[in-house]
Amino acid sequence: MTIRRRTVDGIFEEGSDMNIHPHRLVTGIAAILATGMLMASSACGTGGGSQSEQPSAKEPTGPITVVASINQWGSLAEQIGGTDVNVTSILSSTNVDAHDFEPKTSDVAKLQKAQIIVSNGAGYDSWATKSVGRNSTIVSAAETVGAMEGDNPHLWFSKDARNGMATELTEAFSKALPAKKKAFQSRLKAWQKEEKAIEKSMGEFAANHKNATYGATEAVAYYLMSDMGFQDDTPKGFARSAASGGEPAPADLQEFQSLIESQGISVLVNNTQESSDATNMLTGTAGRAGVPVFDVSEQMPQAYTTLTDWIADLVARLDKTSPPPSSTTATKAAVPTAKTAPAPRTMPATVLTTKAIPAPAAATEFARPLQTVTIAVSSAANESATANENDCHSPLR
């Protein structure tokens, strides 16, 4: 009988062996048949033996590690994620200027280990997306609403950005932890209910304050004011210098002060995190002129636990701060459209009068300096001199 044997080198070779006992031969054949039946049975159990079953991937378990660049979006992540997320906010103090913030080494390490990074975008926190882990997912407010660098970056004050981010966070959390998808969607619905209540208050305010206007020391609350129906009447020159982080030109500052003194705005919005001599002058002018000052910070104060609570309180404060429509109308009606000439008076033989006359209105934006004019008046033209004096005393605009 010819037998195939494995040699010491592991190579099969053929050879003959005539000393095999018949009983051993039968036993060997039976063993071979049993092995073949076992293999056939295993093949049937795996769908015909064409494919082998792969072990199922392990289901991810929570909580999800979330790192937010700023506490505004971090608090929203907590509202949607609940106990299924562990959120860390890098920037959470109103004493820190976000525009100049530089993350520490420990902050970078947290970002690299995060499963989900929540950023604002639009150039506000570019440092947050520079050190991203290989498996990290980024949820950006700017990308959600299509904002780019150079746009106003204070997106958490926008109702559109808040709604978009709540939805994006729900989807990101559901992908990271599928077993908790229903819980995330349930929290989203609860959040949307609270947000709609805030937006309803905004709509009611806008309906009752159709002519509401404001000026701002910085455009930090631009989206909030827009959502509430306010018109931004901040002088353009001042607004440009504030946006670039520079000091306003004297003429721009004077124009803003004149606007406040004439009660040309309903409220002055003041960014408490960007204080300067110019902003102090404006808030002081507003106090003397009876124009309400609305203080707001960029970062969410620690007194609030959620973004929803903070925005709701800001809306309520604006409603109390802004004068009712009747008061606004009365104030505007009290501003005279023309100045009544005073009664003529007797003047000496020769009078020298020096009066500052503002540049033409069209040139205000270019900050032309005030002009000084000297007028000589004789007693022979008393009546004409009186008219000239009235022109010189016209109010500055």
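Up top is the structure these notes are about.
Let me begin by describing the structure that accompanies this report. Given the structure is predicted, the values throughout are model-derived calculations rather than measurements.

The next subject is the nonpolar core. Residues Val-66, Trp-73, Leu-76, Phe-157, Phe-173, Leu-224 and Phe-230 are the most contacted members of the largest nonpolar core, which totals 65 residues. With near-sequence residues (within four places) excluded, Trp-73 lies in contact with Ala-68, Val-118, Ser-119, Asn-120, Ala-141, Leu-155, Trp-156, Ala-161, Arg-162, Met-165 and Leu-307. In this structure, Phe-238, Leu-253, Ala-278 and Leu-282 belong to the second largest nonpolar core, which totals 11 residues.

Okay, the packing of helix α2 (residues 71-81) against helix α11 (residues 307-321) next. Describing two packed helices takes the angle between their axes plus the distance from one axis to the other. Running from N to C, α2 and α11 point in directions that differ by 120 degrees, and their axes come no closer than 8 Å. Overall, the two elements α2 and α11 adopt an arrangement that is oblique. For the pair α2 and α11, contact is made by Gln-72, Trp-73, Ser-75, Leu-76 and Gln-79 and by Leu-307, Thr-308 and Trp-310, respectively.

Another aspect to go through is the side chain of Asp-107. Tracing the chain through its elements places Asp-107 in helix α3 (residues 105-113). Despite its burial, Asp-107 remains without a salt bridge, the nearest opposite charge being carried by Lys-110 at 4.5 Å. Here Lys-104 takes part through its backbone nitrogen, which lies 2.9 Å from a polar atom of the side chain of Asp-107. In contact with Asp-107, not counting residues within four places along its chain, are Ile-90 and Phe-101.

Rules of the game
Residues numbered from 1 in each chain as written. Predicted model: local features only at pLDDT ≥ 70, side-chain atom pairs only at ≥ 80, totals over all residues. Heavy atoms only, no water. Core = buried A, V, L, I, M, F, W, Y, C linked by side-chain atoms within 4.5 Å. Buried < 20%, exposed > 50% of the residue type's maximum accessible area, 1.4 Å probe, protein only. Contact = heavy atoms within 4.5 Å. Axes fitted to C-alpha atoms, helices over the stretch in contact; angles between N-to-C directions. Helix = DSSP H or I, 4+ residues; strand = E, 2+ residues; numbered from the N terminus. Parallel < 35°, antiparallel > 145°, perpendicular 65-115°, else oblique. Lys, Arg positive; Asp, Glu negative; His and termini not counted. Salt bridge = Lys/Arg side-chain N within 4 Å of Asp/Glu carboxyl O. Polar contact = N/O pair within 3.5 Å; in protein donor to acceptor, adjacent residues only side chain to side chain.

Structural measurements only, silent on function.
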